[in-house]
Each structure stands twice: as C-alpha cells, then as structure tokens.
Amino acid sequence: MKKIVIPCSGIGKAFGTVAREATYRLADLEHSDRFKTICLPLLMSDDEESKQSVMKSDVYTIDGCPKKCASALVKHAGGIPVMEIVVPKVLAANKEHKPETVLEIGNGGRLLADDIVKIILSHGGNE
Amino acid sequence: MMSFKPKVGLISCSGEACSGGNISRAATLEVLHHLRPNETVTICLPLFLAGDDAERDFAKNFPTITIDGCNKFCAAKGTAKYSSEPAVRMNVEEYSGDSCTDSEERWKILKSSDLVADIAQSIASHVDKLREDWK
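These notes cover the structure that comes with them.

Definitions and cut-offs
- Residues numbered from 1 in each chain as written.
- Chains lettered and ligands numbered in written order.
- Predicted model: local features only at pLDDT ≥ 70, side-chain atom pairs only at ≥ 80, totals over all residues.
- Heavy atoms only, no water.
- Helix = DSSP H or I, 4+ residues; strand = E, 2+ residues; numbered from the N terminus.
- Buried < 20%, exposed > 50% of the residue type's maximum accessible area, 1.4 Å probe, protein only.
- Contact = heavy atoms within 4.5 Å.
- Areas by Shrake-Rupley, 256 points an atom, 1.4 Å probe, with all protein chains shown as cover.
- Buried area = accessible area lost by both parts, 1.4 Å probe.
- Salt bridge = Lys/Arg side-chain N within 4 Å of Asp/Glu carboxyl O.
- Polar contact = N/O pair within 3.5 Å; in protein donor to acceptor, adjacent residues only side chain to side chain.
- Pairing = 2+ DSSP bridges.
- Right-handed = clockwise from strand over helix to strand, strands pointing away.
- Axes fitted to C-alpha atoms, helices over the stretch in contact; angles between N-to-C directions.

Counting secondary structure elements, chain B contains seven helices and four strands. In chain B, the succession of helices and strands from N to C terminus is β-α-β-α-α-α-β-α-β-α-α. The 135 residues of chain B split such that 51% are buried. The long-range fraction of contacts in chain B, counting pairs at least 24 apart against all pairs at least 6 apart in sequence, stands at 68%. For chain B, the accessible area works out to roughly 6,400 Å², and carbon and sulfur atoms hold 49% of it.

Here it is as structure tokens:
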C-alpha cells in the first residue's frame, strides 16, 4: 500500500509552496511507486474515500505554519499521521535553505523541499 | 464623497491531487499579487476547520469568491459550511474541462499559462463587479 503525503494547501506563505514542492517530488517525480497524495480540501469535505485512505495508510503531513492544518484535518478525519513536518522547523535546522516567495520559492526553497523529502525517506518512507 | 468599497476574499481550493487545484491556486495568486493586489485578500481554506472563530468569520467579513479546481466544489462547500455562503462560486473545469483526470501534469502548472491567465482575468472581473455593486 502506498504511503500518503499531504501538504497544507497554504496559499499565503512561501512555506506552503515548499510543502507542495516536497509532496510532488515524492508522489509524482521521484518516488511515485511508494507515495501518493490526496486533496486536503476533499478531506475537509468529509469525502468517505479520502477518510478511509488516511485511516488505513501511513500518512505524512507537511505544514507550512504552526496552525498545522494538514495534521489537524487528518486527525479530524480519524487518521493519525506517522510524521508531522512543520516547514519552518526544518528551515531552523538549515537556515541557508530559505525560500523566496509564495510564487517562486527559488533555489533555497527547492533545497528546503529536498530536506523534507530526505526526512520522510529516512523516517521509513524508503520501506 | 468616496464610497466604501470592501476588499474581496478569494479562496482557492488548492487541491493537491488534481491539476485543477494547482490551476485554481495559480490563478488566485495571480490576482492577489498582480491583478488586484490592493482589492483582494485570502485565507488558507483548511483554516476554516483548523483555525479559530476569527478565521471562520472571513466570508462574513468579506464578499468572497471561491475558486474550485473541480466539480466537487470543496472550497465553496467548505466556505459555506464553516464561514458563510460565498458571493461567487467559480469552477476551473468550466474553463479547462475535466482537469483532475490528468494527474501526471499536476506538478507542471505554470503561473504564466494561458489558462491560468484567463481564469485570473475572470476572477478579477468578479472582484470588480462585487465592489461596484457593494452597497
């Protein structure tokens, strides 16, 4: 069964774009054999298939701010994330990987997304 | 005397799992940052559930346009359920067809694409109309 990675749908900050970038690296570009994503708004809409998915799968959430919407919505739907990543905390560990803007995260943002991908893979996402 | 014109709230579904979500997000950002930066505001859709009362009051305080990527209308339904009925419900599929079946392309959406530009212009037109009609 594929693991699920869910970014926060954040639209106001560059960290939300970084969360999406990391998600697409895992689910579309580099590790689509092991990962998939689902729409967070669909989970918010109480979509039964999405709820079943997060209850039965290993779920990694990637949030762009401390409000942790992705994590909160997974829990609201009855799931328990195996890992809850908050992008600013990842940046704090590697401060030169700073994203530029929500529209263009730049090289720093792409490196930050790399950091997130590595964290998830090293946490068991490689299995 | 100059009459008060409210800012217009824009809420994109930003759905991660289909191209329509990325198109809605890109078009919304184009309006927020370039076409109507002084006339619009936004909020992350999931904050209606994960946030507090101040965030849930968003669509009560601003006439709001929801921009959905598919006909599941998650943004419109979520806004109506947790905040208030949106003034305008837009659906990217009316411009692009069924964009959610084309998931291989979802990560390639560019803010400069013609489709995104067309939708952004439509959003901006709705913004202008809502402000003109405001009483």
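From this point on, the discussion continues.
In this section: the interface of chain A and chain B. Between chain A and chain B, the contact holds 29 residues from the first and 34 residues from the second. Interface area for chain A against chain B, summed over the two sides, is near 2,700 Å², with a carbon-plus-sulfur share of 68%. Looking only at chain A, the three residues that lose the most surface to chain B are A:Ile11, A:Met44 and A:Leu103, adding up to 29% of its buried area. Between the two partners, chain A and chain B, sit three salt bridges. B:Lys81 serves as the salt-bridge partner of A:Asp46, at 3.2 Å between the closest nitrogen and oxygen. In this structure, the connection of chain A to chain B is made through ten residue pairs in polar contact (both at pLDDT 80 or more). Elements that contribute at least two residues to the side of chain A that touches chain B include exactly helix 1 (14–30), helix 2 (40–44) and helix 4 (69–76) of chain A. No other element matches helix 1 of chain A, which puts seven residues into the side of chain A that touches chain B.

Attention now moves to the pairing of strand 3 (residues 64–68) of chain B. Residue and element names in this part refer to chain B. Most of strand 3 is tucked away: five of the five residues are buried. Alternating residues of strand 3 divide into Thr64, Thr66 and Asp68 and Ile65 and Ile67, and every residue in both groups is buried. Taken together, the four bridges between strand 1 (residues 8–12) and strand 3 define a ladder with parallel strand orientation. Across the sheet, the residue bridging to glycine 9 is threonine 64, located in strand 3. Where strand 3 and strand 4 (residues 88–91) come together, four bridges link them in parallel fashion. Bridge assignment links threonine 66 to a residue of strand 4, and that residue is arginine 89. Of the crossover connections in this fold, the one passing from strand 3 over helix 5 (residues 74–82) to the parallel strand 4 is right-handed.

With phi around 70 degrees, A:Ser9 is a residue other than glycine that occupies positive phi space. One can find A:Ser9 in the loop between strand 1 (3–7) and helix 1.

Bringing the sheet that holds strand 2 (residues 40–42) of chain B into the picture now. All names here are of chain B. Strand order in the open sheet made by the four strands is 2-1-3-4, with parallel pairing throughout. For this open sheet the edge positions go to strand 2 and strand 4, each flanked by a neighbour on one side alone. Strand-to-strand, the axes of this sheet are offset by a mean angle of 25 degrees, without reference to chain direction. Against the sheet, helix 7 (residues 114–133) engages strand 1, strand 2, strand 3 and strand 4, with an angle of about 175 degrees to strand 4.

Before going further, it helps to examine the sheet that holds strand 4 (residues 83–86) of chain A. Residues and elements named next belong to chain A. Read from one edge of the open sheet, four strands run 2-1-3-4, paired in parallel fashion. Edge positions in the open sheet fall to strand 2 (35–36) and strand 4, since each of these has one partner strand only. When strand 1 meets strand 3 (residues 59–63), the two strands line up parallel, connected through four bridges. The partner of isoleucine 6 across the bridge, within strand 3, is threonine 61. Of the strands in this sheet, strand 1, strand 3 and strand 4 are in contact with helix 4, which crosses strand 3 at around 145 degrees.

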